[in-house]
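What follows is the residue order along each chain.
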Amino acid sequence: MELFLWILVIVLGYALGNLNGALLVSKLFIHDDVRTHGSGNAGLTNFFRTYGGFLSLLVIVIDVGKTVLACLIAQWLLGGYGWGLEAKMAAGVAAILGHSYPAASQFKGGKGILSGAAMAAAIDWRVFVIIFAIFVVTVALTRYVSLGSVLSGLAFGVCFCCFHWGNWVVCALAVFAALFVTVRHRANISRLLHHTESKLSFHHKKE
């Protein structure tokens, strides 16, 4: 029974991750595909740069909500077996994978930062506070969203390992998630190194 519930948690987490906020909002409200603009990424940053701020709030609500829901369902299904924390981690990682490589959208999704932040908020508020602070300070000082994303993503793995040292399931999943979102930003990292990365602007581009 427990094995079935673990499989269910992972499948549901991935399925919820497929509900990509940037894709849904761009298609349902703008009748467009955010992936045809800017960086081609189906994430919050590209959505904001393309369409502006108001609908970006809805993207945040969807991407945060789906990840939190995945974690809550995991807690409900496996918490009674003593696997609540581990199940929430597994569901959160599955949601990140579903967001980044959604089967429902030709496996072309976002990079998982917002889902990762929501996962941290749903599991350990201390981790969320730290990674959110790192992101805000980095972006405020440099205006590089990608740099803030990479640094907060790496801090995600470090913080979970520090706060939950000894729980190897949690640590392994946290490190995997941190490395995954970092690799997803490899093109951004290359542009940062070559000083060609775009900085955050509150004036969205009109095409």
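Computed from a prediction, not measured in an experiment: that's the story for all the values here. (Residues numbered from 1 in each chain as written. Predicted model: local features only at pLDDT ≥ 70, side-chain atom pairs only at ≥ 80, totals over all residues. Heavy atoms only, no water.)

Caption draft 1: Here's a closer look at the UniProt feature "transmembrane region" (unreviewed entry) in the protein. Per the UniProt record, "transmembrane region" (unreviewed entry) is found at residues 6-30, 51-77, 83-104, 125-145 and 165-183. The distance separating the terminal C-alpha atoms of residues 83-104 is 29 Å; by composition the span is 77% helix and 0% strand. Structurally, residues 125-145 comprises 90% helix and 0% strand, and the distance from its first C-alpha atom to its last is 22 Å. (UniProt positions renumbered as here; feature names shortened; annotations may be inferred. Helix = DSSP H or I, 4+ residues; strand = E, 2+ residues; numbered from the N terminus.)

Caption draft 2: Spotlight on the nonpolar core. Ranked by size, the top nonpolar core spans 18 residues in total, and within it Met89, Met119, Val127, Phe156 and Phe160 carry the most contacts. Sorting the residues of this core by element identifies helix H5 (84-100), helix H6 (113-123), helix H7 (125-142), helix H8 (145-163) and helix H9 (168-184) as the ones contributing at least two each. It is H9 that contributes the most residues to this core, five residues altogether. Counting residues in each nonpolar core, the second largest holds nine residues, with Val9, Ala74, Leu78 and Ala87 among its members. (Core = buried A, V, L, I, M, F, W, Y, C linked by side-chain atoms within 4.5 Å. Buried < 20%, exposed > 50% of the residue type's maximum accessible area, 1.4 Å probe, protein only.)

Caption draft 3: Region of interest: unusual backbone geometry. Unlike most non-glycine residues, Gln106 shows phi in positive territory, near 60 degrees. Here Gln106 lies in the loop between H5 and H6. On the accessibility criterion, Gln106 (54% relative accessible area) is exposed. The phi angle at Phe107 is positive, at roughly 60 degrees, despite the residue not being glycine. Along the chain, Phe107 turns up in the loop between H5 and H6.

Caption draft 4: Quick peek at the packing of H9 against helix H10 (residues 186-193). The N-to-C vectors of H9 and H10 enclose an angle of 60 degrees; their axes lie 4 Å apart at closest approach. Judged by the inter-axis angle, H9 sits oblique to H10. Here Thr182, Val183 and Arg184 of H9 lie close against H10, whose contacting residues are Arg186, Asn188 and Ile189. Among the residues making up the contact of H9 with H10, the classes are represented as two nonpolar, two polar and two charged. (Axes fitted to C-alpha atoms, helices over the stretch in contact; angles between N-to-C directions. Parallel < 35°, antiparallel > 145°, perpendicular 65-115°, else oblique. Contact = heavy atoms within 4.5 Å. Nonpolar A, V, L, I, M, F, W, Y, C, P; charged D, E, K, R; others polar.)

Caption draft 5: Fine view of helix H3 (residues 44-51). Along H3, the residues classified as buried are Asn46, Phe47, Phe48, Thr50 and Tyr51. Tucked inside the fold, the buried residues of H3 contact helix H2 (21-28) and helix H4 (54-78). Downstream of H3 by a residue or two, Gly52 has a phi angle that is positive, lying close to 100 degrees.

Caption draft 6: Just the state of the cysteines, in detail. The final tally for this structure, using the stated rule, is zero disulfides. In this structure Cys71 is a free cysteine whose sulfur lies 17 Å from that of Cys171, the closest cysteine sulfur available. Of the cysteine sulfurs around Cys171, a residue in no disulfide, the closest is that of Cys161, at 3.9 Å. (Disulfide = S-S within 2.5 Å.)

Caption draft 7: Region of the structure containing H6. Ser115, Gly116, Ala117, Ala118, Met119, Ala120 and Ile123 are the residues of H6 that are buried. Contact partners of the buried residues in H6: H4, H5, H7 and H8.

Caption draft 8: A look at the packing of aromatic side chains. For the coordinates displayed, the defined rule picks out seven aromatic pairs. Pairing Tyr101 with Phe180 gives two aromatic rings, centres 6.0 Å apart and planes at 70 degrees, and the pair type is edge-to-face. With Tyr101 in the loop between H5 and H6 and Phe180 in helix H9, this residue pair connects regions lying 79 residues apart in the sequence. Relative accessible area serves as the criterion here: at 33%, Tyr101 is assigned to the partly exposed category. The interplanar angle of 20 degrees and the centroid separation of 5.6 Å between the aromatic rings of Phe128 and Phe132 together place this pair among those described as stacked. (Phe/Tyr/Trp six-rings, centres within 6.5 Å; stacked < 30°, edge-to-face > 60°.)

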